[in-house]
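# Tertiary structure, described
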Amino acid sequence: MSAPAIHLDLLPGPLALLRLSPTTPIPPWTAAAQNFLTISRTPTELSIVADARVVPADVAAERDYCAFRVRGPMPLHLVGVMAALAVPLAEAAVPIFVIATYDTDYLLVKAADLEHARQALERAGHLVFEIEGAADECGNRMTTA
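Note that this is a predicted model, so its numbers are computed, not measured.

### With respect to the overall build of the protein chain
For the protein chain, the helix and strand inventory stands at 2 helices and 8 strands. From first element to last, N terminus to C terminus, the protein chain shows the α and β order β-β-β-β-β-α-β-β-α-β. Within the protein chain, the proportion of its 145 residues that are buried is 43%. Pairs at least 24 residues apart make up 66% of the contacts formed inside the protein chain by residues separated by at least 6 positions. With the model as given, the accessible surface of the protein chain reaches about 7,900 Å², and the carbon-plus-sulfur share is 57%.

Rendered as structure tokens:
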């Protein structure tokens, strides 16, 4: 019996990823993020993923990422979701950046890899949808499922 298809939504983007010193205050520009913002502080870093448009040009960041959101909410005890997504992408040589929240998981890929990622996910039996409002740099690189 095959695993059920995972439904993914392509979010508006692009996103920027950055790493700051663990003692850095949260930058005030993060408050302007409307489509995506996640902030994690650990003893070794302050990690921020946000709408690229709000990250100042002079801030060192990895830019041009697109995010797929696993439709949720998902129960916290659910296992194997990220493996079902990561394996076909690894086999297609698509690097990923993963974020988990209480409700769901997010899979980030470089915009240049977006179409290749979508094809790999669909070959694995997953369904990819472009949500309304995603017709930007990320959305324009992908045909609607």
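Okay, back to it.
### Regarding the pattern of salt bridges
Under the criterion given, the structure shown has 5 salt bridges. A salt bridge links R69 to D9, with the nearest nitrogen and oxygen atoms 3.4 Å apart. On the criterion of sequence distance, the pair formed by R69 in strand 5 (residues 62-70) and D9 in strand 1 (residues 7-10) is long-range, its members being 60 residues apart. On the basis of relative accessibility, which here comes to 5%, the residue D9 falls in the buried class.

### Observations regarding the nonpolar core
Judged by nonpolar contacts, the single largest core of 21 residues is most densely connected at L8, F68, L85, L89, L107, L114 and L121. Of all the secondary-structure elements, those providing two or more residues to this core are strand 1, strand 5, helix 1 (81-91), strand 7 (105-110) and helix 2 (114-123). Excluding anything up to four places from it in sequence, L8 contacts F68, R69, V70, L85, L121, H126, L127, V128 and F129. Membership of the second largest hydrophobic core comes to 11 residues, among which are A33, A50, A52 and V55.

### Some details on helix 2
Of all the residues in helix 2, the buried ones are L114, A117, R118, A120 and L121. Mapping the buried residues of helix 2 onto a view down its axis gives an arc of 165°, with all of them on the same face. Just downstream of helix 2, G125 is the residue with a positive phi angle, here 100°.

Quick notes on the rules
Residues numbered from 1 in each chain as written. Predicted model: local features only at pLDDT ≥ 70, side-chain atom pairs only at ≥ 80, totals over all residues. Heavy atoms only, no water. Helix = DSSP H or I, 4+ residues; strand = E, 2+ residues; numbered from the N terminus. Buried < 20%, exposed > 50% of the residue type's maximum accessible area, 1.4 Å probe, protein only. Contact = heavy atoms within 4.5 Å. Areas by Shrake-Rupley, 256 points an atom, 1.4 Å probe, with all protein chains shown as cover. Salt bridge = Lys/Arg side-chain N within 4 Å of Asp/Glu carboxyl O. Core = buried A, V, L, I, M, F, W, Y, C linked by side-chain atoms within 4.5 Å. Arc of directions from axis to C-beta.

As far as function goes, none of this settles anything; it's purely spatial.
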